[in-house]
Each structure stands twice: as C-alpha cells, then as structure tokens.
Amino acid sequence: MSPFFAAIILHGLCLANGINFTTIYEWDKFDFIWPPASDSSMGPIKDEYRPENVFPLFMAVFEERLLLSLGMDSGIPATLVWLPTRDSDTSSSPPKLAPFLYWKYHKKGNCNTIQVAKGMKTDTDGRLWVLDNGSSVCQAKLLIFDLVNNYKTEHAHRFPHKVVSHSHNERWLLDIVLEKTTDDYLAYIVDSESEHIVVYSRETDKSWSVETTGKRWVTLALSPNREARQLYLARLYSNELYSVSVSELKNGGGSAAVKLIGKWTEKPYRMVIDSSNVLYAAFFNQTYLSKWNISEPFREQQCHEVGRLDTNWPFTFALDASNTLWMTERNQSGAGNRFKLLKADVVARSYLISSSTESIPDPVVASTTPQVNVNGKATEVVRSSQTPTTSKTGTPRPALQLNETSGAPYEKNHVLTRVFDDGNHNHHLPCKGERARARSEPPLKCEPSSSTS
C-alpha cells in the first residue's frame, strides 16, 4: 500500500476513534513560584532562569496534582515540578510551576538531591517513583516518595555499577513502569545506552539488569494486572514494537527473548496502557497520537491529531485513577500559545488498576494552591493560602508545602548534563557515547544514529 493511501486510511480511523480533549490551561511560557525577595539566596537562580528552555518530558498524576519532569537545559532551576489539575482561581492566568518538595532539593552537584528527573509513575498506595539520571559527579538513582504522608522521601536506591553504569557517558535512564504483585512492587526501567532492561524490587531493595541483545529501548508500557502480563517495548531509533513476558525479567539477571509485535507508522518516544488494554503512543516530530488494543492483533489507529507544532517531543501524558487521560502539548510553530494542558475521559484508568480484579476508592480531593514556607512562615505566592484537607476517615491530610528554610545557594556554573536539542530535525534523544564533559561546553546537538542497535 502506498504511503498516500495509508495516510488516508489512518486519518479515517482517527476520526472514528478520536479522543475528545478539553483544554485546561494554556501558557505562552512557564514561570515558577519564587520565594519572597527577602530570600537573597534565590537571586542567582531567578536571574539565570530561561523560560524558553522549559518543556515537559514526563508526567504523573496524584489526586489533583500533576507532576512534571523538565528537560535539564541551562537556566532551568528545578527538574521536577508540580501544578494543580483544577484551578480554584477565577482569574485567567494559568498556574505557575512549583518545585517538588522545596528549592534545596534541586541543588546541582549534591548527590542527595534530584539531579535530572526523567520517567516517573505513581502507584496505587500513594507513592511517587522518580528516575534520576544523575550527573557527571552523581550516580543514577531511583527515588520513592510517600505522597500520602507529607511527601516524605521513603527511599533512594542507588544502582550498582553492574546494573547501571556509574559513568555519566554510558547511561541514559528514560522511562519506568511499575508492577504490583501480591507481596512486592517491581519497577521496569529503560536505560537507552544499554541493551538491557533494568529491574528493581522494593521488597528486597535490589536491582538487576536483563539483557536484550542487539536492541536498545526508548519507552515501555505494561499490560494490566492479569495473568501472562506483558511488557511492551519501543525500540530506539525505530518504529518497531516488541513485547516480553515479565516472568522472564524476575530471575535476577540473565537475558530475555523479546518478540516483534508490529511496526508503527513512525518512531514512538512515549507509550502508556490503560486498564482496558488500550496502548497509547506519541511519536517524534508527529502531531498525532495512536492507539492499539493489545488484546487484538496489532493495528495502529490514530486517535488524536492537531495542526502544525514544529517540535520533536510534542506530547507527554499520564492516566489517573478517575478515567482521565492527561496530556501536555508543546507548540514551537510560533502560532498560538506554546504549551497546553489537556484532559480527556477515556473510561479507563491507570494500568496498575485492573478493571476486573481491583477497585479503589474515589481519590481524596486535596488542596491545590501552591505556597512556599520560608523560614517557618507561610507565604502566599499565587493564590489563596493552602489548608489541610480531610480524608474520608476524618484524618487531616497535610497540604503540600514547599519549604525553603536555609536558603542554600544554587551553583551558578552547575555541571552540564546531556541536554535535548530543540532543532526541528534532531531527535530529543541521547547522543550515543557523548555528553557535555565540561561546564563551558555548548549544548550538544544529537543527530539520530544510523544504526538501530
């Protein structure tokens, strides 16, 4: 079939299987919630802020908070941020970005803080799992936060060198999915610099890698909680879609045989599966989403399309526990606002919540107005002050507060990490074997590899 007729057929399928998104917010550029002017330590950070470099990479949703990881280009003060999914203000201005936890938790070069946040997921027990790719001086780690109990850090797992390289030039953690078993949580992780799948067990606090010889990955998705669970993998620099049984990944190492499922029309960079077995995918340089019901033979169906965006990484998305698909849209064409937050009712939830085997209560409505707590004094910075909420059991739940108590300075010349180029013809993917090795180097322009290995 010619590409022309294939495009016509896909367009017809898109109309028949379309997702109706509603715009929640629009931004021409993002801004942050900054501490009061009296906090002099924030001066250098704010002075160096470059809003044109801010764009979302990965997303997670918890109750009425949306969490985003940002590309860590120069002039971006925090790599993990949050904003409310529901606006309680009647003004027309969209919300500002709030640093996750507090400003000190984003200090570059401090290996106990977040260096470069990448893929993340929330689980059904109220935890946030965040991949931190580290830096030239900090090894990669997996951070787990307890979002129910005042957003405290539950654990930080630093990967052994034999699992994830401690050399910054030889690793690139990108995406993560979670599996809840009867007695454990397992994380499956993409390291696009290696021909492996990384696995982590929360129960044992151990990680290992499973070899997939000759193939590297860019994103992954997990089927709902049922028998014969499958992990779906998108091959780096390719339109090929593979799968592997998770049972092959639980033996503490070794290798796994991946199976070719089909080929997308374009090269995907993001995938997610909902509780009804529908896999959604976004593609480099494309302005549409596609879907496929994994319980049927592979058939790509376009389900959402927009006009010209002129960006390599146009969408990022996540499912919540209330049948909603959330998505950001990035527009570099120069026409209209540069960013949108959208949502759509897809009558399905996160893949962790099986529609046939598990049910969860309605999410607790939490306060969504950011505030910063500086030296013990709560300061309203955007809208009305934040107040604790009450759960269905009557127990007060603490509102998220962004505490900045010591005013630790931000490193003016922070260690450069691998950055995403915004050129129209370069994938937002790592350059194999390359990275900015000195603070004075310009951003790398990553050309797509000619090899698919």
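Residues numbered from 1 in each chain as written. Predicted model: local features only at pLDDT ≥ 70, side-chain atom pairs only at ≥ 80, totals over all residues. Heavy atoms only, no water.

With respect to the secondary-structure elements, Glu300 resides in the loop between β20 (288-293) and β21 (301-305). It turns out Glu300 is buried and unbridged, and the closest side chain with the opposite charge, Arg299, is 10 Å from it. Within polar-contact distance, the side chain of Glu300 engages the side chain of Ser290 at 2.6 Å. (Helix = DSSP H or I, 4+ residues; strand = E, 2+ residues; numbered from the N terminus. Buried < 20%, exposed > 50% of the residue type's maximum accessible area, 1.4 Å probe, protein only. Lys, Arg positive; Asp, Glu negative; His and termini not counted. Salt bridge = Lys/Arg side-chain N within 4 Å of Asp/Glu carboxyl O. Polar contact = N/O pair within 3.5 Å; in protein donor to acceptor, adjacent residues only side chain to side chain.)

A few words on the environment of Asp132. Its location among the elements puts Asp132 in strand β7 (residues 127-132). Judged by relative accessible area, which is 0%, Asp132 ranks as buried. Taking the C-alpha atoms as reference points, Asp132 and Thr113, 19 residues apart in sequence, are found 9.3 Å from one another. Among residues more than four places away in sequence, those in contact with Asp132 are Thr113, Ile114, Gln115, Val116, Ala117, Ala140, Lys141, Leu143 and Leu173. (Contact = heavy atoms within 4.5 Å.)

Our next topic: the sheet that holds strand β12 (residues 196-201). Across the sheet, four strands lie side by side as β10-β11-β12-β13; this open sheet has antiparallel pairing. Strands with a single pairing partner mark the edges of an open sheet, and in this sheet they are β10 (173-180) and β13 (206-211). Averaged over all adjacent pairs, the angle separating strand axes in this sheet is 25 degrees, with direction ignored. In terms of strand pairing, β12 meets β13 through six bridges, oriented antiparallel. Counted as the bridge partner of Ser201 is Lys206 from β13. (Pairing = 2+ DSSP bridges. Axes fitted to C-alpha atoms, helices over the stretch in contact; angles between N-to-C directions.)

With that out of the way, let us pick up the pairing of strand β18 (residues 268-273). Summarising burial for β18: six of the six residues are buried, a large majority. As paired strands, β18 and strand β19 (residues 278-283) are joined by five bridges and run antiparallel to one another. Across the sheet, Ile273 pairs through a bridge with Leu279, a residue of β19.

Turning to the nonpolar core, a few remarks are in order. Tyr188 and Leu231 are the most contacted members of the largest nonpolar core, which has 103 residues in total. Leaving out residues up to four positions away in the same chain, Tyr188 has contacts with Asp175, Ile176, Val177, Glu179, Val198, Val199, Leu220, Leu222, Leu231, Val246, Leu249 and Lys250. (Core = buried A, V, L, I, M, F, W, Y, C linked by side-chain atoms within 4.5 Å.)

The next thing to look at is the packing of aromatic side chains. This structure, assessed with the given rule, holds 24 aromatic pairs. Ring centres of Phe32 and Trp103 lie 5.8 Å apart, and the angle between their planes is 45 degrees; this geometry places the pair in the tilted category. Here Phe32, found in the loop between β1 (22-27) and α2 (43-47), pairs with Trp103, found in the loop between β5 (98-99) and β6 (117-122); they are 71 residues apart in sequence, far enough to count as distant. Trp103 carries the same exposure label as Phe32, and that label is buried. Feature note: the residues Tyr232, Trp264, Phe283, Tyr288, Trp292 and Phe298 constitute an aromatic cluster, connected by ring pairs. Positioned above the aromatic ring of Trp82 is the side chain of Arg65, whose terminal nitrogen or guanidinium carbon lies 5.2 Å from the ring centre. (Phe/Tyr/Trp six-rings, centres within 6.5 Å; stacked < 30°, edge-to-face > 60°. Lys NZ or Arg CZ within 6 Å of the ring centre and 35° of its normal.)

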